[in-house]
Amino acid sequence: MTEAFNGSSIDGSLYTEVVGLAHRSPGWFDDLVSTWSTYGLAVFAVLMAFGWWRARRVSAEAAVIALAAPVIVLVAFAVDDALKLVVREDRPCQSLRVSTLEACPAPGDWSFPSNHAALAAAAAVALLLVSRRLGAVAVVAACAMAVSRVWVGAHYPHDVLAGTAVGAAVALLLGLALRRRPGALTRRLTATPLRPLLTAAYRS
């Protein structure tokens, strides 16, 4: 079996500084960050649902792009997760053996790139293509998610930077490709059981 990669030489010192700062911070703040780190991805789901609800009142094409947002996020997750299996980087809490706010995952739960960061970044980019306002909120939330994953000790800084880059790149490529020719896909979807999802916007 291939030996796991130890990423501590890249930015392990910065990681330990952030984790140390977390231990010195007020308990209520750590609880807030930990809650966001664990459950914050649900906020992106809510934003995408709201984006779809608004988009379907604008045009059928806008509704299709909004409906595609969750699919884009899932594709970004799949790409990010595949990279994890290739790189096989140990979690920093395993390599550096430090106490962290979040329980240290078991060996084999690879660290690079961060799935949370990739999901959040992909959702933010997808939402920017749906609504600039919703996208701006999602961008701030995605940055907070990336930082929180280091704060709780789950990832090195380079893990979340890479995850953010992967998620954003995949979402941008897929989103722009979809926006080039949304009409054909819209016509196909209106001929399927998904038509009710576009009803408010679609005109036959």
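What comes next concerns the included structure. (Residues numbered from 1 in each chain as written. Predicted model: local features only at pLDDT ≥ 70, side-chain atom pairs only at ≥ 80, totals over all residues. Heavy atoms only, no water.)

## A look at the packing of helix H2 (residues 27-39) against helix H7 (residues 132-151)
Under the convention used in this document: Every axis corresponds to a line fitted to the C-alpha atoms, with the helix fit spanning only the stretch in contact, and the corresponding angles, defined between N-to-C directions, vary from 0 to 180 degrees. Under the scheme used here, helices are H or I runs from DSSP no shorter than 4 residues and strands are E runs no shorter than 2 residues, and both carry numbers assigned from the N terminus. Any angle that falls under 35 degrees is termed roughly parallel, while one over 145 is termed roughly antiparallel, one within 65 to 115 roughly perpendicular, and all others oblique. Crossings are sorted by hand: turned counterclockwise from the far helix by less than a right angle, the near helix makes the crossing left-handed, and turned clockwise it makes it right-handed. Residue contacts follow a heavy-atom distance rule, with two residues in contact if any of their heavy atoms lie within 4.5 Å. Polarity classes work like this: nonpolar for Ala, Val, Leu, Ile, Met, Phe, Trp, Tyr, Cys and Pro, charged for Asp, Glu, Lys and Arg, and polar for all others, with Gly in that last group.
Two elements in contact, H2 and H7, have axes separated by 9 Å at closest approach and are oriented at 115°. Between H2 and H7, the angle falls in the class roughly perpendicular. Considering how the two elements wind past one another, H2 and H7 form a crossing that is left-handed. Each of Phe 29, Asp 30, Val 33, Trp 36 and Ser 37 in H2 lies in contact with H7, whose residues at this interface are Ala 141, Ala 144, Met 145, Ser 148, Arg 149 and Trp 151. Class assignment for the residues of the contact of H2 with H7 results in seven nonpolar, two polar and two charged.

## Considerations on the pattern of salt bridges
Here the idea is simple: oppositely charged side chains can pair when their charged atoms come close. Filter applied, for reference: A carboxyl oxygen of Asp or Glu within 4 Å of a side-chain nitrogen of Lys or Arg is what we treat as a salt bridge. Burial here depends on accessible area, computed with a 1.4 Å probe over protein chains only, as a share of the maximum for the residue type. Under 20% is buried, over 50% is exposed, and the range in between is partly exposed.
On inspection of all chains with the given rule, the structure shows two salt bridges. Among the ionic pairs, Asp 109 bridges to Arg 91, the shortest N-O distance being 2.9 Å. Linking Asp 109 in the loop between helix H5 (92-95) and helix H6 (115-130) with Arg 91 in the loop between helix H4 (60-87) and H5, this pair joins segments that are 18 residues apart in sequence. Close ionic contact of Glu 102 with Arg 149 constitutes a salt bridge, the shortest N to O distance being 3.1 Å. Pair noted here: Glu 102 is in the loop between H5 and H6 and Arg 149 is in helix H7, with a separation of 47 residues, a long-range link. Given a relative accessible area of 23%, Glu 102 falls into the partly exposed group.

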